Amino acid sequence: SDIFYTTKLMTNVSYEDTLEKIDASIKACGLEYIDLYLLHSAIGGPEKRKECWRACVEAKRLGKVRSIGVSNYGVAHLQEMLDHAVELPTINQVRHCTQ
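Residues numbered from 1 in each chain as written. Predicted model: local features only at pLDDT ≥ 70, side-chain atom pairs only at ≥ 80, totals over all residues. Heavy atoms only, no water.

(A) Examining the overall build of the protein chain more closely. From N to C terminus, the protein chain includes 3 helices and 4 strands. Counting only C-alpha atoms, the protein chain reaches 35 × 35 × 20 Å along its principal axes. When the 99 residues of the protein chain are sorted by exposure, 34% land in the buried category. Considering only contacts within the protein chain whose residues lie at least 6 apart along the sequence, 64% involve residues at least 24 apart. (Helix = DSSP H or I, 4+ residues; strand = E, 2+ residues; numbered from the N terminus. Buried < 20%, exposed > 50% of the residue type's maximum accessible area, 1.4 Å probe, protein only. Contact = heavy atoms within 4.5 Å.)

Structure, rendered in structure tokens:
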């Protein structure tokens, strides 16, 4: 209860790969579940994004993760999710850089 564990899926590959990566992350951290799991980026195209997001929703349903979100998604990517997703992301983590 003293730790809020967050991790990300680095590459959008497939539904099965995403579930495998979630399981590997749980095993690596030694916890029973992940507090927040993010899709790291929108790279991969609409179908891969949909499949990976579907896996995140399933992992949440199974209790493997508590919250799911995305990282570095643009407005068009978020609109795509609004148009088809059963569950919307809890968060869109955006890296802000100033140079």
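(B) Main features of the sheet that holds strand β4 (residues 92-93). With parallel pairing, 4 strands are arranged side by side in an open sheet as β1-β2-β3-β4. The open sheet has two edge strands, β1 (6-9) and β4, and neither has a second partner. Alignment of β1 against strand β2 (residues 34-39), held across 4 bridges, turns out to be parallel. When the sheet's bridge partners are listed, L9 is paired in β2 with L39. The sheet strands contacting helix α1 (residues 15-29) are β1, β2 and β3 (65-71), and the helix crosses β2 at an angle near 145°. Here helix α2 (residues 46-61) sits on the sheet and contacts β1, β2 and β3; the angle it forms with β3, its principal contact strand, is near 160°. (Pairing = 2+ DSSP bridges. Axes fitted to C-alpha atoms, helices over the stretch in contact; angles between N-to-C directions.)

(C) Examining the nonpolar core more closely. Among the nonpolar cores identified, the biggest contains 20 residues, and I22, Y37, L39, W53 and V65 are the most heavily contacted of them. Of all the elements in the fold, those that place two or more residues in this core are α1, β2, α2 and β3. For this core, the leading source of residues is α2, giving 5 residues. Not counting residues within four places of it along the chain, the set of residues in contact with I22 comprises I34, Y37, A55, C56, A59, K64 and V65. (Core = buried A, V, L, I, M, F, W, Y, C linked by side-chain atoms within 4.5 Å.)

(D) Inspection of the pairing of β3 at higher detail. Summarising burial for β3: 5 of the 7 residues are buried, a large majority. As paired elements, β2 and β3 share 5 bridges and run parallel to each other. Across the sheet, Y37 pairs through a bridge with I68, a residue of β3. Considered for its hand, the β-α-β crossover made up of β2, α2 and β3 is right-handed. (Right-handed = clockwise from strand over helix to strand, strands pointing away.)

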